[in-house]
Amino acid sequence: MTKKILIVSQRSGAGHIRAAEALEKALEMAGGGLEIKRVDFLDYAGPTVRGILGRGYTELAKRLPEVYGFLDVQFGEIGSFQKYLPLLKIGAPGFIKLLKT
């Protein structure tokens, strides 16, 4: 049985993209019959979420780095995905649909 791996990043930060690319490359090199798909979260988000994350998050990092750091930890916390599922259903229904495939 092929294992599916979804790597999610967002284009609002070059670090996100480079990390996703490095992870994808490492997994490909490891082999093992993995089906790897790398996506940009913003491609699956609604227009409001795209605006907030695409422009707002970058501005937040510049102007209020303490708040940016707090949010980064909150959203990056292992296992945090489940608690944000209701928000994703509203702001990024395309992403939820992707997860179900």
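Look up a bit, the structure's there.
This section reports on the structure supplied with the text. (Residues numbered from 1 in each chain as written. Predicted model: local features only at pLDDT ≥ 70, side-chain atom pairs only at ≥ 80, totals over all residues. Heavy atoms only, no water.)

1. Things to note about helix α1 (residues 14-30)
For α1, built from 17 residues, the straight-helix expectation of 24 Å at 1.5 Å per residue is met to within 8% by its first-to-last C-alpha distance of 24 Å. Contacts made by the buried residues of α1 are with β1 (3-9) and β2 (34-40). (Helix = DSSP H or I, 4+ residues; strand = E, 2+ residues; numbered from the N terminus. Expected span 1.5 Å × (residues − 1). Contact = heavy atoms within 4.5 Å.)

2. Notes on a nonpolar patch on the surface
Where nonpolar side chains cluster on the molecular surface, the patch consists of Leu 6, Val 8 and Leu 99 and spans about 200 Å² of accessible area. Structurally, Val 8 is set in strand β1. By relative accessible area, which is 38% here, Val 8 ends up partly exposed. (Patch = residues over 30% accessible without salt bridge, like charges linked within 9 Å, V, L, I, M, F, W, Y side chains within 5 Å. Areas by Shrake-Rupley, 256 points an atom, 1.4 Å probe, with all protein chains shown as cover. Salt bridge = Lys/Arg side-chain N within 4 Å of Asp/Glu carboxyl O. Buried < 20%, exposed > 50% of the residue type's maximum accessible area, 1.4 Å probe, protein only.)

3. Here's the deal with the pattern of salt bridges
Pairing is possible between side chains of opposite charge, provided their charged atoms come close. If you walk through the whole model with that rule in mind, you get five salt bridges. Here Arg 11 and Asp 40 are joined by a salt bridge, their closest N and O atoms 2.9 Å apart. With a gap of 29 residues between them, Arg 11 in the loop between β1 and α1 and Asp 40 in strand β2 connect regions that are remote in the sequence. The class of Arg 11 is partly exposed, set by a relative accessible area of 42%. Here Glu 24 makes a salt bridge to Arg 38, at a shortest N to O gap of 2.6 Å. Here Glu 24, found in helix α1, pairs with Arg 38, found in strand β2; they are 14 residues apart in sequence, far enough to count as distant. Given the relative accessible area of 15%, Glu 24 is considered buried. We classify Arg 38 as partly exposed; its relative accessible area is 36%. Here the salt bridges share partners, and the residues they tie into one network are Arg 11, Asp 40 and Asp 43.

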